[in-house]
Amino acid sequence: MSIVYDAAARTITLNTRESSYQMQIGPLGHLLHTYYGRRAEGNFGALHLKKDVGFSPNPHALAAVTRGWSLDTLPQELSGANSGDFRTPSVCAVTEDGRRGAELRYVRHEIRPGKYALNGLPAAFDPAGEAETLSVTLADEVLGLEAELLYAVYESRDLITRALRLRNTGKGALRLEKTASCCLDLPFGDWDLLHFHGRHAMERQPERLPMMNGVMRLGSRRVASSHQHNPFAILCNRHATEDAGDCYGLMLVYSGSFELEAEKDQMGSVRLTAGLLSEGFSWTLQPGESFDTPEALLCFRHDGLNALSQRYHRFLRRCLCRSPFSTAERPVLLNNWEATYFNFDRDKILTIAREARDLGAELFVLDDGWFGRRNDDRSSLGDWFVNEEKLPGGLEPLIRGVKELGLQFGLWVEPEMVSEDSELYRAHPDWALGVPGREPALSRSQLALDLSRSEVTDWIYETVAGLLRRYDIDYIKWDFNRSLTDLYSPALPPERQGELAHRCTLGLYSVLERLTAEFPHVLFEGCAGGGGRFDAGMLAYFPQIWCSDDTDPIERLTIQRGSCYGYPLSAVGAHVSASPNHQTGRRTPLDTRAMAAMASGFGYELDPGRLSEEEKERIRGQIRRFRELEDFAREGDLYRLTELDDKRDYEAWQIVSETKDESLVNLIVTHPRANPRPLHLRLKGLDPAARYRLEGLETFAAYLPEPPEPLPEIFSGAALLYAGLTLPRMMGDYPCVQIHLKRAED
Ligand code: GLA
């Protein structure tokens, strides 16, 4: 049993293999959060002193007995509003007669096997039958509000999921104003917030800041999780490193507007809440109706950030993403975007596809520009029929040609959008979001469709399903190239306009649910102008997401590092592109580009016709190597070998197979120096008792100033873990080395 109720202590404890999470029912039924941390037994209620700190009110029925018991100072399992806790609220509702807030008290709880599901939202599932669910019902009888707190414990995975189901049990309508998925109070400790911010072509830059007094708030108003902030953050002990120290992760399974707030209060206690963006949000519940929040995935590790990331990686691959591709081999693709942009015809595409096949690619992807009259980004979104000028005879002959080469065929679509210059817009101008009487803001010359409307989501589903039924398509790149603003839907009454943003995200999920269920054999890759929607909500449907429009391998190192604090490498779509790079103009070696891109969504995005014979030969070798390493690279554990704030001239990471029989060490020099410090790496995750053979050192020989002293070929695991490995000096622009370690037979 991973969930234990102690009736005498009134505690409910959730145990994973290495963590414990406890709540306690207070004297009046308020649900306190007593502990989350390394696995331990006990009643942790006594950790929290009931002390009067002044100006922190007491529940009326307790005030005569003590001034020490306050919702404002004790850790809460789900904070209310307007009822004596002045810290960040999690839930707030308003009745028709204007009673506003939430004061929630225990009604009942239930522990049952299996994993709960959420209405209309992606959520983790339970493939191995290991999850246990806790449902705790709290109520505010004055408002007629019931809050069902849902938890699922994945004991062996050190993961706890949380969500909230809010019900109107009253007689009149209830308006929800705030609905956080999760509230985590940590009364003790000195914490840093590690979060991931950025912009287009520079997503998920890790930033680690000490918690300040007050509120640190991040999120998105874009109806997309966004390039700018990610719905994942970590609270880690001030001294935590990649390999030691307490860390808490909080990831939202959500792709729309969200908020994540981290508050350090007057007593130094930290509260982390996350959920739907409350600004501009409201949701009306009629009597008897309920509302589910997105799910939050919580993980605690006592042994550093690498261990935390690894738990998320395995969990997302196995228990969140339903695509069979999540844990399977993916084809190596060649995408024509950076090869041609909009400028192509059938012959050009078939030439590229033939050359891609000769390089060893397995999937050819036709990107933007194949439909409507799309010759630049100003028109035709919505007109998902073939541009006959470029592709006479339609897609059939092209696909046939690609398939005859022995390649799979993939297609780009951006079905949530519409161009003003399109047949779709001329037929249905009201399908685009926009406030009546005001010209809506354009972005990339396009408008966004109103996915809160079922006729729009039905049309999107039919359009994409139609393409998949009609053509022999193996892969879809699903793009989304603007942020949403001018939110107004003629389909919603005035008092429900605050529901629109969330309804659009729910509309998207309904389409993805239908399409991925009907076409499980199609590999879907998410994309949003690169990584503008790189989140667990999208990963529930799509096993991989194009990580960034910046294909410069050196820039990618930070973007991918930031992405992989929470998301697995197997979710990262990454391509080798041309040098000089189209985004930065930087020149980098081909091997460095390939090493940076060797995630599971591996491919090329360049014109093979412009490659030299030598480069082509190298690419053939890269694809063969990727195939050899792919399985364990996808399923293995990722270790960052450098600390975030190291003053270093390289980036290095390692993948270790589950059996610890194999490992891959990757290093890229990011700042060549005249007189560099030694390149010394202490490896991680190996079996200290094993002996490992090192292969692949020759891959970096080209960049050495002089022949290196030969390294021994066999090392003990202990030597690599404790003493490490010093690599020979490498010179030139961005050299790299990839070392393959294999357990040596005795
Ligand atoms: C977005 C994507 C790119 C490419 C273009 C096409 O920017 O991220 O990879 O598909 O759209 O317009």
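Quantities reported herein were computed from a predicted structural model and do not represent experimental measurements. (Residues numbered from 1 in each chain as written. Predicted model: local features only at pLDDT ≥ 70, side-chain atom pairs only at ≥ 80, totals over all residues. Heavy atoms only, no water.)

**Examining the site of the ligand**
Link 1 in the chain: The environment of the ligand is formed by 13 residues, the closest being Asp367, Asp368, Lys477, Gly530 and Asp549.
Link 2 in the chain: The separation between an oxygen atom of the ligand and a polar side-chain atom of Asp479 is 3.0 Å.
Link 3 in the chain: Within the side chain of Asn481, an N or O atom sits 3.2 Å from an oxygen atom of the ligand.
Link 4 in the chain: In the complex, the protein chains occlude 96% of the 310 Å² of accessible area that the ligand would expose alone.
Link 5 in the chain: Tallied by class, the residues present in the shell around the ligand amount to four nonpolar, three polar and six charged. (Near = heavy atom within 4 Å. Polar contact = N/O pair within 3.5 Å; in protein donor to acceptor, adjacent residues only side chain to side chain. Areas by Shrake-Rupley, 256 points an atom, 1.4 Å probe, with all protein chains shown as cover. Nonpolar A, V, L, I, M, F, W, Y, C, P; charged D, E, K, R; others polar.)

**Thoughts on the pairing of strand 18 (residues 270-276)**
Two faces belong to every sheet, and in a regular strand the side chains alternate between them.
Link 1 in the chain: Of all the seven residues making up strand 18, seven are buried; the element is thus mostly covered by neighbouring parts of the structure.
Link 2 in the chain: With six bridges connecting them, strand 11 (residues 174-186) and strand 18 associate as antiparallel partners. From the neighbouring strand, Cys183 faces strand 18, where its bridge partner is Thr273.
Link 3 in the chain: Here strand 17 (residues 258-264) folds back onto strand 18, and the loop between the two strands holds five residues, one of which, Gly268, carries a positive phi near 85°. (Buried < 20%, exposed > 50% of the residue type's maximum accessible area, 1.4 Å probe, protein only. Helix = DSSP H or I, 4+ residues; strand = E, 2+ residues; numbered from the N terminus. Pairing = 2+ DSSP bridges.)

**Notes on the side chain of Ser570**
Link 1 in the chain: The residue Ser570 is located in the loop between helix 10 (553-563) and strand 30 (572-577) in this model.
Link 2 in the chain: In contact with Ser570, other than residues within four places in its own chain, are Arg317, Ser326, Arg330, Pro543, Gln544, Ser600 and Arg634. (Contact = heavy atoms within 4.5 Å.)

**Things to note about the sheet that holds strand 2 (residues 11-15)**
Link 1 in the chain: An order of 1-2-3-4 is seen for the four strands of this open sheet, with the pairing classed as antiparallel. Because the sheet does not close on itself, it has two edges, and the strands there are strand 1 (3-6) and strand 4 (31-38). When the angles between neighbouring strand axes are averaged without regard to direction, this sheet yields 15°.
Link 2 in the chain: As paired strands, strand 2 and strand 3 (residues 19-25) are joined by five bridges and run antiparallel to one another. The residue bridging Asn15 from the neighbouring strand is Ser20, located in strand 3. (Axes fitted to C-alpha atoms, helices over the stretch in contact; angles between N-to-C directions.)

**A few points about the domain arrangement of the chain**
Bring the parts together and some accessible area is lost; that lost area is often taken as the interface size.
Link 1 in the chain: Domain parsing of the chain yields domain 1 (3-320), domain 2 (332-635) and domain 3 (640-743).
Link 2 in the chain: Summarising the inter-unit geometry, the C-alpha centres of domain 1 and domain 3 are found 41 Å apart.
Link 3 in the chain: The interface is formed by nine residues belonging to domain 1 together with five residues belonging to domain 3.
Link 4 in the chain: Summed over both partners, the interface of domain 1 with domain 3 buries about 630 Å², with 40% contributed by carbon and sulfur atoms.
Link 5 in the chain: It is Glu242, Asp243 and Asn306 that lose the most area in domain 1 upon contact with domain 3, and together they represent 57% of the buried surface on that side.
Link 6 in the chain: Taken together, domain 1 and domain 3 are joined by two salt bridges.
Link 7 in the chain: Here Glu242 makes a salt bridge to Arg640, at a shortest N to O gap of 2.8 Å. (Domains from an automatic or database assignment. Buried area = accessible area lost by both parts, 1.4 Å probe. Salt bridge = Lys/Arg side-chain N within 4 Å of Asp/Glu carboxyl O.)

**Digging into the sheet that holds strand 22 (residues 333-335)**
Link 1 in the chain: Taken together, eight strands build a closed barrel; the order of strands is 22-23-24-27-28-29-30-31 and the barrel is parallel. Averaged over all adjacent pairs, the angle separating strand axes in this sheet is 30°, with direction ignored.
Link 2 in the chain: Alignment of strand 24 (residues 408-413) against strand 27 (residues 475-478), held across four bridges, turns out to be parallel. Opposite Trp412, over in strand 27, you have Lys477 as the bridge partner.

**As for the packing of helix 7 (residues 454-470) against helix 8 (residues 500-518)**
Link 1 in the chain: Here helix 7 crosses helix 8 at 25°, and the two axes come no closer than 9 Å. Relative to helix 8, helix 7 is oriented roughly parallel. Crossing handedness for the pair helix 7 and helix 8: right-handed. Contacts from Thr457, Asp458, Ile460, Tyr461, Val464, Ala465 and Arg469 of helix 7 reach helix 8 at Gly507, Ser510, Val511, Arg514, Leu515 and Glu518. (Parallel < 35°, antiparallel > 145°, perpendicular 65-115°, else oblique. Left-handed = near helix turned anticlockwise from the far one by under 90°.)

**Comments concerning the environment of Leu590**
Link 1 in the chain: Mapped onto the secondary structure, Leu590 falls in helix 11 (residues 590-597).
Link 2 in the chain: For the pair Leu590 and Arg618, spaced 28 residues apart in sequence, the C-alpha to C-alpha distance is 8.0 Å.
Link 3 in the chain: Excluding residues within four positions of it along the chain, Leu590 makes contact with Val576, Glu615, Arg618, Ile619 and Gln622.

**Remarks on the pairing of strand 13 (residues 202-210)**
Link 1 in the chain: Of the strand pairs in this sheet, strand 12 (residues 191-199) and strand 13 are connected by seven bridges, and their pairing is antiparallel. The residue of strand 13 that forms the bridge with His195 is Glu207.
Link 2 in the chain: The turn linking strand 12 back onto strand 13 is made up of two residues, and Ala201 within it adopts a positive phi angle of 65°.

**Points about the nonpolar core**
Link 1 in the chain: Ranked by size, the top nonpolar core spans 194 residues in total, and within it Leu366, Trp370, Leu395 and Trp478 carry the most contacts.
Link 2 in the chain: Among the nonpolar cores identified, the runner-up in size contains 24 residues, and Val656, Leu681, Ala690 and Leu727 belong to it. (Core = buried A, V, L, I, M, F, W, Y, C linked by side-chain atoms within 4.5 Å.)

**Considering helix 11**
Link 1 in the chain: Burial analysis of helix 11 places eight of its eight residues in the buried class, which makes it a mostly covered element.
Link 2 in the chain: Taken residue by residue, helix 11 has Leu590, Asp591, Thr592, Arg593, Ala594, Met595, Ala596 and Ala597 as its buried positions.

**Focus: the pattern of salt bridges**
Link 1 in the chain: All told, the structure shown has 75 salt bridges when counted by the stated rule.
Link 2 in the chain: Taking the shortest distance from any N to any O, the salt bridge between Arg634 and Glu635 comes out at 3.2 Å. Taken individually, Arg634 and Glu635 each receive the classification buried, so the pair is uniform in this respect.
Link 3 in the chain: The structure contains a network of salt bridges with shared partners spanning Arg317, Arg318, Glu362, Arg627, Glu630, Asp631, Arg634 and Glu635.

**Quick word on unusual backbone geometry**
Link 1 in the chain: Cis geometry is found at the peptide bond from Ser579 to Pro580, where omega equals 0°.
Link 2 in the chain: Take Pro580: it is sitting in the loop between strand 30 and helix 11.
Link 3 in the chain: Despite not being glycine, Ser380 has its phi angle at roughly 80°, a positive value.
Link 4 in the chain: Along the chain, Ser380 turns up in the loop between strand 23 (363-366) and helix 5 (395-404).
Link 5 in the chain: Not every positive phi belongs to a glycine, and Tyr734 is a case in point at roughly 50°.
Link 6 in the chain: Relative to the assigned elements, Tyr734 resides in the loop between strand 38 (725-727) and strand 39 (736-743).

**Let's talk about helix 10**
Link 1 in the chain: Burial analysis of helix 10 places nine of its 11 residues in the buried class, the great majority of the element.
Link 2 in the chain: If you check which residues of helix 10 are buried, you get Pro553, Ile554, Arg556, Leu557, Ile559, Gln560, Arg561, Gly562 and Ser563.
Link 3 in the chain: For helix 10, the capping residue at the N-terminal end is Asp552, with a side-chain oxygen 2.7 Å from the backbone nitrogen of Ile554.

**Points about the packing of helix 11 against helix 12 (residues 613-635)**
Link 1 in the chain: For the pair helix 11 and helix 12, the least separation of the axes is 11 Å and the interaxial angle reads 25°. Judged on the interaxial angle alone, helix 12 and helix 11 are roughly parallel. The two elements helix 11 and helix 12 cross, and the hand of that crossing is right-handed. Residues Leu590, Asp591 and Ala594 of helix 11 lie in contact with helix 12, whose contacting residues are Glu615, Arg618, Ile619 and Gln622.
Link 2 in the chain: Split by residue class, the contact of helix 11 with helix 12 holds three nonpolar, one polar and three charged.

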